[in-house]
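Residues per chain, in single letters:
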Amino acid sequence: MELVKGHQELFNGQLFDIWRNEQHEVFMTTEQLAQGLGYKSKNNIEVLVNRNPYLKGREFSVTYKMKATDGKQYDTRVFTFDGIQEIGMIAPNSANARKFREWIRTILKAYYKGELVKAKEMAKATITRRELSTAIAESPHFEKNYHVIFADMLVALVTNGKYKSVRGMRKALGRPNAKLKQMLDSPEELQLLQTYESSITNLLDLGFDRHQIKEFLTKENRTTTTEAD
């Protein structure tokens with residue numbers, strides 16, 4: 001596994017590194033997770049991990065050789081998206097910890113929506129929002145019917161699974177030639193469509209393929225729906 005620094009975000013006056021691997025999973029180091037939760041050292045996180053051995057499983061964390069300030073590489077435990085949230089839930093419930101949990105949840109959700117993108121990874125983009133059709137055409141994973149695949153993905157996301165494809169939605173509504181935007185009922189649905197289009201555009205620019213994009217956005221949609229309930 002190869003980790004690269006994907007982004008930096010500010011919390012309580014301190015910069016936190018968001019790392020990612022080739023599969024676009026995100027990670028945070030033990031030391032920074034400890035600092036975010038208000039601990040004096042990473043030892044407090046290590047104590048939590050030792051008390052809860054399941055946190056050493058791949059779902060929650062892995063060890064990775066990272067370069068320290070002395071220039072040498074050391075085995076460092078880094079936590080996955082699920083691991084960061086899990087540590088946040090079992091850590092002592094302080095005001096700082098609550099603020100950090102809320103902050104990291106916002107940051108990671110934004111990442112999965114494609115809103116956290118480093119400038120160098122967006123160099124080919126213009127200052128204005130790129131058209132989704134252009135991003136699809138320029139995707140390194142482009143394949144036949146990619147435009148149709150993403151159009152159907154948008155239908156399923158915006159209608160929360162009520163319709164599975166543009167063709168199916170047209171047939172159900174009796175509008176054989178209508179575009180997706182014309183078939184949406186409310187300003188809220190139109191805004192949601194624009195949000196998902198922007199997310200897909202950014203994720204395509206990051207190099208995600210259609211399977212990864214569907215997984216991330218479907219997961220985000222389920223989470224948002226659960227929170228709303």
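In what follows, the structure referred to is the one given above.
Worth saying up front: this structure is predicted, and the values here are computed from it rather than measured.

## Regarding the pattern of salt bridges
Working step 1: Evaluated as defined, the whole model comprises 3 salt bridges.
Working step 2: Ionic pairing is found between aspartate 75 and lysine 65, a salt bridge with its closest N-O pair at 3.2 Å. Of this pair, aspartate 75 sits in strand 5 (residues 73–80) while lysine 65 sits in strand 4 (residues 61–67), placing them 10 residues apart in sequence.
Working step 3: Classification of aspartate 75 as exposed rests on a relative accessible area of 57%.

## Digging into the packing of aromatic side chains
Working step 1: Enumeration according to the criterion identifies 7 aromatic pairs in this entry.
Working step 2: Seen in terms of ring centroids, tyrosine 54 and phenylalanine 60 are 5.4 Å apart; in terms of plane orientation they differ by 80 degrees. Their pairing is edge-to-face.
Working step 3: On the basis of relative accessible area, phenylalanine 60 is assigned to the buried category, the value being 11%.
Working step 4: Pairing tyrosine 146 with phenylalanine 150 gives two aromatic rings, centres 5.0 Å apart and planes at 90 degrees, and the pair type is edge-to-face. Separated by 4 residues within a single helix, tyrosine 146 and phenylalanine 150 lie in helix 6 (residues 146–158), roughly one turn from each other.
Working step 5: Exposure remark for phenylalanine 150: the relative accessible area of 0% places this residue in the buried category.
Working step 6: Grouped by ring-pair contacts, the aromatic residues Phe16, Phe100 and Trp103 constitute a single cluster.

## Some remarks on helix 1 (residues 30–37)
Working step 1: A large share of helix 1 lies buried, amounting to 6 of its 8 residues.
Working step 2: Listing the buried residues of helix 1 in full gives Thr30, Gln32, Leu33, Ala34, Gly36 and Leu37.
Working step 3: Of the residues flanking the end of helix 1, it is glycine 38, one or two places downstream, whose phi is positive at about 90 degrees.

What counts, and where the lines are drawn
Residues numbered from 1 in each chain as written. Predicted model: local features only at pLDDT ≥ 70, side-chain atom pairs only at ≥ 80, totals over all residues. Heavy atoms only, no water. Salt bridge = Lys/Arg side-chain N within 4 Å of Asp/Glu carboxyl O. Helix = DSSP H or I, 4+ residues; strand = E, 2+ residues; numbered from the N terminus. Buried < 20%, exposed > 50% of the residue type's maximum accessible area, 1.4 Å probe, protein only. Phe/Tyr/Trp six-rings, centres within 6.5 Å; stacked < 30°, edge-to-face > 60°.

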